[in-house]
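So you can see what is in the structure, the chains are spelled out below.
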Protein chains: 2
Amino acid sequence: MSLTIKLHVVPHIIPHTAIRRAPVAAVTNVKLLVGKPIYGANELLPFLYRRTTRSRNMKGAVLPAIKSSLIDPDGGALVDLVVPEGERAGKVSEAEGLPKVKLTKVDVEWVHVVSEGWASPLRGFMREDEYLQSLHFNSLRMEDGKVVNMSLPIVLAIDDGTKESIGSAKDVALLGPDGDVIAILRSIEIYKHNKEERIARTWGTTAPGLPYVEESITQAGNWLIGGDLEVLKTIKYNDGLDHYRLSPKELRKEFDKRGADAVFAFQLRNPVHNGHALLMNDTRRRLLDMGYKNPILLLHPLGGFVKADDVPLDVRMEQHSKVLEDKVLDPETTIVAIFPSPMHYAGPTEVQWHAKARINAGANFYIVGRDPAGMGHPVEKRDLYDPDHGKKVLSMAPGLEKLNILPFRVAAYDTVAKKMAFFDPSRAQDFLFISGTKMRTFAKTGENPPDGFMCPGGWKVLVKYYESLQTEDTKQQKPAAVSA
Amino acid sequence: MSLTIKLHVVPHIIPHTAIRRAPVAAVTNVKLLVGKPIYGANELLPFLYRRTTRSRNMKGAVLPAIKSSLIDPDGGALVDLVVPEGERAGKVSEAEGLPKVKLTKVDVEWVHVVSEGWASPLRGFMREDEYLQSLHFNSLRMEDGKVVNMSLPIVLAIDDGTKESIGSAKDVALLGPDGDVIAILRSIEIYKHNKEERIARTWGTTAPGLPYVEESITQAGNWLIGGDLEVLKTIKYNDGLDHYRLSPKELRKEFDKRGADAVFAFQLRNPVHNGHALLMNDTRRRLLDMGYKNPILLLHPLGGFVKADDVPLDVRMEQHSKVLEDKVLDPETTIVAIFPSPMHYAGPTEVQWHAKARINAGANFYIVGRDPAGMGHPVEKRDLYDPDHGKKVLSMAPGLEKLNILPFRVAAYDTVAKKMAFFDPSRAQDFLFISGTKMRTFAKTGENPPDGFMCPGGWKVLVKYYESLQTEDTKQQKPAAVSA
């Protein structure tokens, strides 16, 4: 039988005081029966267990009204760039007189992300100093000398014509794709957009076919414009999912309301199956063992740009809500919300962003698995990133010292126990790895996945989605043109 | 007249407490008459002036016997990996029984560099944790949490056959290109050499034609081997220049002997002309103005691998010695020595290495100019790096906070004053920029450069070299094959 393999893994917490040397040669030789390398017990060793420490507040920073039990946001205070209601009308009429910059859909997602403080202490699109630090060091040094993580350049590209129209203006108005004024960018700085260098340093490749690059960089302008954002009203998508889009401030409030003394975040962009659930429930149990009284899970699907073959957000959200309805995850100790960032598929570089943003939302534990934010190499037949590098890089990243990194232990479908379970290398033949491709095949053929793979309610959502894809496929099957 | 332009610049020290925003748009519009963008007065603003602070010693680190007036080496103590005489015989015979790894010429240069502590606190070729930190963060976190700069991966590549021959051995012997045992590498770790990712993250491009990549990466093996170095004897090149190869320890001793209270380093890989001299003499004057009593210049040409069209080391050293003989630089306050590192031509990434290594040699001031460690894009008709990025990145680099960065002010040949002088934009037409290409043309045609461009002794050395090149060229002019 030929299977596409997907690894599902379970967190494992290891006390550690220094960066250990991993016996990598040993690990890379461990292979599943079906031929793909997986993690052995050895691979769990090199990670740091970090104690939760409080970052001291920035000199002069105003602290938001959060309970002291939650981790401090980066920079000490949560950034909130939405203009207060009372000032709005004045700013809107000011914006009308400013040079205009039209945003793409992805640009708006970044405005949303920055305005709510996910990227705290960043207060707008990056100026060149910030861009260079992000690109070269994956971090920003603040005025007080402290370092915060910032691995992805959050930048706004403009073309030559727009640059010319801005001239020597100090501020510009940002327009949404529909032409509505969304924000003002203050004290702007325009600098060169060296796309090749940005791509190479962010993705570690310049191969054609990187989804975010094709969506947002290749066709973008040759200049970047940085500045401080003032967002004229909260970004809404009106897609029936806005109630899931909790800001870091709202999440912190919710964690406080539930009396959380630990928050563990799980980033995903796929349907939740029982392997994920095993992992999350096991994490909670471990946190209770560690002495926490009420660990809360932040189940945090990414809601911005994803590549065409990922399951769409609305389907994922419906599937996630079934998982909670079916009590596979405990609704009392789980918060499901949307993380509004677009996806880069930049592996070890991006996973830092995913973790850092969750600190700002109040999470002090972050679950990281195999090949986070990774994908296949767009040109070569291999993973773009070493599947181990994501969590290694995350465990050593500047500015993330206060975050507890929880690396996964492998889980898969145990065909004997008929449920998702920790992978046991001594009886590897009993385990089945079920990928998205495999799920799609099941749905296509009307076959059910093995009992215990996913709760029935969640599976039904996926079947409906995959069926709709088939219908789409059929619709699109037009007579093929005869090639010359 | 068509001229290739080379910028010569003079340091300028600006007090500053935070990262300023550069008015880049203004700067990029400043152009020389001959059409290439250069620096205006504005471009001097964004740099940090850093006060010399002492890094505290690592807990438990043994301090070398250096005078307290010199800056501490990274990690608090200078690494010295050369095995003491008395232990040598034993180690050599041990090495004979170990698996062997054959080094290239460039690998030996790295052994040299690491063994003398230029890369302190690094004690060998990087293991994967160090490699990943260098690649992603341009820095290494030490066990005590402190961060040191380390922007270039210092790694050793091996091929599949060598990996197999090593098997599960813990230590290997490193052989020079002639087969002599040079060092033992202890507690090794072997991990994948993802060349594409290494190149992309180090150079910000994967374009073919990068000199170091072609010399040392493309043909190298698919594995990297890290470990702790024990070097069996001091590396010598027997090229008549070894007396110039002072180790960081020897340099520190020399600075102490001369009673230096400030050391300013000048990295170069080109002949010294009077523009450089102006710059260096002016820097000394400024340091005296700042209150230093005896600033010493470290004139520090790079001695390792350089690309084929750079002037060879022996010629450069002869030229530099003439410059001191002719008293263009004061021999009393100048030390000329060879920096044994190979050249990456990796611009903003590499300039950090150049600066960091000089901290270890005792320099607390580092002079940085336009496009440091840069070159033309190997494929496109442009500089590979933004000429401003090197000093910007250097001024913000983690682990270099204790170093004072001295950005250049532009100098060029003033055709009115008939000497090298600070460039004055108000009479740009009076200034002449003389590049290596231009110098070569002068030498070819037997023409002298303008009076005051370079001391006569130094110029004579170059004429001889360029003449020898012409002879070479003539020799190589064989009848061309008729193409089919």
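Bear in mind the structure is a predicted one, so any value in this text is a computation, not a measurement.

Undergrad: Which parts of the structure should I look at to understand the overall build of chain A?
TA: Helices and strands together make up the secondary structure of chain A, namely 14 helices and 15 strands. Split into buried and exposed, the 484 residues of chain A put 61% on the buried side. Put simply, 76% of the contacts in chain A that link residues at least 6 apart link residues at least 24 apart. About 19,600 Å² of surface is accessible on chain A, with carbon and sulfur atoms providing 51% of the total.

Undergrad: Explanation requested: the UniProt feature "domain: Sulphate adenylyltransferase catalytic" (unreviewed entry) in chain A in the structure shown.
TA: Within this structure's numbering, the places UniProt gives as "domain: Sulphate adenylyltransferase catalytic" (unreviewed entry) are residues 243-465 of chain A. When the span residues 243-465 of chain A is considered, its composition is 36% helix and 17% strand, and the gap between its end C-alpha atoms is 22 Å.

Undergrad: Would you explain the packing of aromatic side chains in this entry?
TA: A ring pair, where both rings are aromatic, is described by two values, the distance of the centres and the angle of the planes. Residues and elements named next belong to chain A. What the rule picks out here adds up to 20 aromatic pairs over all chains. Centroid distance Trp-110 to Trp-353: 5.8 Å. Interplanar angle 55°. Geometry classified as tilted. Of the two residues, Trp-110 is situated in helix α3 (residues 105-115) and Trp-353 in helix α11 (residues 347-360); the sequence distance between them amounts to 243 residues. Look at Trp-110 and you get buried, because its relative accessible area is 1%. The class for Trp-353 is buried, based on a relative accessible area of 0%. Taking the centre distance of 5.3 Å and the plane angle of 70° together, the rings of Trp-118 and Phe-339 count as edge-to-face. In this pair, Trp-118 sits in the loop between α3 and α4 (128-137) while Phe-339 sits in the loop between β11 (334-336) and α11, placing the two residues 221 residues apart along the sequence.

Undergrad: Just to check I follow, could you spell out the pattern of salt bridges for this structure?
TA: A pair can form between side chains of opposite charge whenever their charged atoms are brought close. Evaluated as defined, the whole model comprises 64 salt bridges over all chains. Between Arg-127 of chain A and Asp-228 of chain A there is a salt bridge, with its nearest N and O atoms 3.3 Å apart. Separated by 101 residues along the polypeptide, Arg-127 of chain A in the loop between α3 and α4 and Asp-228 of chain A in strand β8 (residues 223-231) bring together distant segments of the chain. Of the residues examined, Arg-127 of chain A reaches a relative accessible area of 3% and is grouped as buried. Judged by its relative accessible area of 28%, Asp-228 of chain A falls in the partly exposed class. Here Arg-382 of chain B ties to Glu-380 of chain B by a salt bridge, and the two come within 2.7 Å at their closest N and O atoms.

Undergrad: I'm lost on the sheet that holds strand β5 (residues 157-158) of chain A in this one. Help?
TA: Two strands in a sheet stick together by hydrogen bonds in their backbones, pointing the same way (parallel) or opposite ways (antiparallel). Residue and element names in this part refer to chain A. Ordered by their spatial adjacency, 5 strands build an open sheet running β2-β6-β7-β8-β5, and the pairing between neighbours is mixed. The open sheet has two free edges, formed respectively by β2 (100-102) and β5, since each of these has just one partner strand. By the bridge criterion, 2 bridges tie β5 to β8 in an arrangement that is antiparallel. From the neighbouring strand, Ala-157 faces β8, where its bridge partner is Leu-224. Across the face of the sheet, helix α2 (residues 85-96) comes into contact with β2, β6 (172-175), β7 (181-192) and β8 while running at roughly 50° to β7.

Undergrad: Sorry if this is basic, but what is going on with unusual backbone geometry here?
TA: A negative phi angle characterises most non-glycine residues, just as the trans form characterises most peptide bonds. All names here are of chain A. Here Ser-120 and Pro-121 are connected by a cis peptide whose omega angle stands at 5°. As for its position among the elements, Pro-121 is in the loop between α3 and α4. Here Asn-138, not a glycine, exhibits a phi torsion of approximately 55°, which is positive. Residue position: Asn-138 is located in the loop between α4 and β3 (139-141).

Undergrad: Can you help me understand the side chain of Ser-120 of chain A in this one?
TA: Residues and elements named next belong to chain A. By secondary structure assignment, the location of Ser-120 is in the loop between α3 and α4. Classification of Ser-120 by relative accessible area gives buried; the value is 0%. A distance of 2.7 Å separates a polar atom in the side chain of Ser-120 from the backbone oxygen of Gly-117.

Undergrad: Whenever I open this one, the nonpolar core confuses me. Can you help?
TA: Note that soluble globular proteins tend to have their nonpolar side chains buried in a common cluster. The biggest cluster of nonpolar side chains holds 174 residues, and the ones touching the most others in it are Ile-154, Leu-174 and Trp-353 of chain A together with Ile-154, Leu-174, Leu-229 and Trp-353 of chain B. Counting 27 residues, the second-largest nonpolar core is a separate cluster that includes Val-272, Ala-277, Val-328 and Ile-338 of chain B.

Undergrad: Please explain the relation of the copies chain A and chain B as it appears in this structure.
TA: Both copies of the chain are tied together by a single rotation about an axis and a shift running along it. Here chain A sits on chain B after a turn of 180° about the axis and a move of 0.0 Å along it, with an RMSD of 0.0 Å. Here the transformation between the copies is reduced to the relation of a two-fold axis. Comparing interface residues between copies, 100% of those in chain A also sit at the interface in chain B, which points to an isologous, same-surface contact.

Undergrad: Would you take a moment to explain the UniProt feature "domain: ATP-sulfurylase PUA-like" (unreviewed entry) in chain A for this structure?
TA: On the UniProt side, "domain: ATP-sulfurylase PUA-like" (unreviewed entry) is annotated at positions that read residues 71-233 of chain A here. Between the C-alpha atoms that bound residues 71-233 of chain A the distance is 27 Å, and the span itself is 34% helix and 22% strand.

Undergrad: Would you take a moment to explain helix α9 (residues 274-289) of chain A for this structure?
TA: Because an α-helix packs 3.6 residues into every turn, residues spaced three or four apart end up facing the same way. All names here are of chain A. Compared with the 22 Å implied by 1.5 Å per residue over 16 residues, the 22 Å span of α9 between its first and last C-alpha is a close match. Looking only at α9, the buried set comprises Asn-274, Gly-275, His-276, Ala-277, Leu-279, Met-280, Asp-282, Thr-283, Arg-284, Arg-286 and Leu-287. One or two steps after α9, the chain reaches Gly-291, where phi turns positive at roughly 110°.

Undergrad: Which parts of the structure should I look at to understand the interface of chain A and chain B?
TA: Often, the extent of an interface is quoted as the loss of accessible area on bringing the components together. Taken together, the contact pairs 51 residues of chain A with 51 residues of chain B. For the pair chain A and chain B, the number of links is 8 salt bridges. Taking the shortest distance from any N to any O, the salt bridge between Asp-386 of chain B and Lys-192 of chain A comes out at 3.6 Å. Where chain A touches chain B, the interface holds 22 residue pairs in polar contact (both at pLDDT 80 or more).

Undergrad: Help me out: how do you make sense of the packing of α4 of chain A against helix α6 (residues 195-203) of chain A in this one?
TA: When two helices pack together, their arrangement is given by the angle between their axes and by how far apart the axes lie. Residue and element names in this part refer to chain A. Their axes nearest at 9 Å, the elements α4 and α6 cross at an angle of 40°. Relative to α6, the element α4 lies oblique. Along its contact with α4, which presents Tyr-131, Leu-135 and His-136, the element α6 presents Glu-197, Arg-198, Arg-201 and Thr-202. Each residue belonging to the contact of α4 with α6 can be placed in one class, and the counts come to 2 nonpolar, 2 polar and 3 charged.

Undergrad: Please clarify how the pairing of strand β9 (residues 223-231) of chain B should be interpreted in this entry.
TA: For a regular strand, side-chain orientation follows a simple rule: the groups alternate between the two sheet faces. Residue and element names in this part refer to chain B. With respect to burial, β9 is a largely interior element, 8 of its 9 residues being buried. Here strand β8 (residues 181-192) runs beside β9; their pairing, made up of 8 bridges, is antiparallel. Bridged to Lys-192 within β9 is Trp-223.

Rules used throughout
Residues numbered from 1 in each chain as written. Chains lettered and ligands numbered in written order. Predicted model: local features only at pLDDT ≥ 70, side-chain atom pairs only at ≥ 80, totals over all residues. Heavy atoms only, no water. Helix = DSSP H or I, 4+ residues; strand = E, 2+ residues; numbered from the N terminus. Buried < 20%, exposed > 50% of the residue type's maximum accessible area, 1.4 Å probe, protein only. Contact = heavy atoms within 4.5 Å. Areas by Shrake-Rupley, 256 points an atom, 1.4 Å probe, with all protein chains shown as cover. UniProt positions renumbered as here; feature names shortened; annotations may be inferred. Phe/Tyr/Trp six-rings, centres within 6.5 Å; stacked < 30°, edge-to-face > 60°. Salt bridge = Lys/Arg side-chain N within 4 Å of Asp/Glu carboxyl O. Pairing = 2+ DSSP bridges. Axes fitted to C-alpha atoms, helices over the stretch in contact; angles between N-to-C directions. Polar contact = N/O pair within 3.5 Å; in protein donor to acceptor, adjacent residues only side chain to side chain. Core = buried A, V, L, I, M, F, W, Y, C linked by side-chain atoms within 4.5 Å. Least-squares fit on C-alpha atoms with pLDDT ≥ 70 in both. Expected span 1.5 Å × (residues − 1). Parallel < 35°, antiparallel > 145°, perpendicular 65-115°, else oblique. Nonpolar A, V, L, I, M, F, W, Y, C, P; charged D, E, K, R; others polar.

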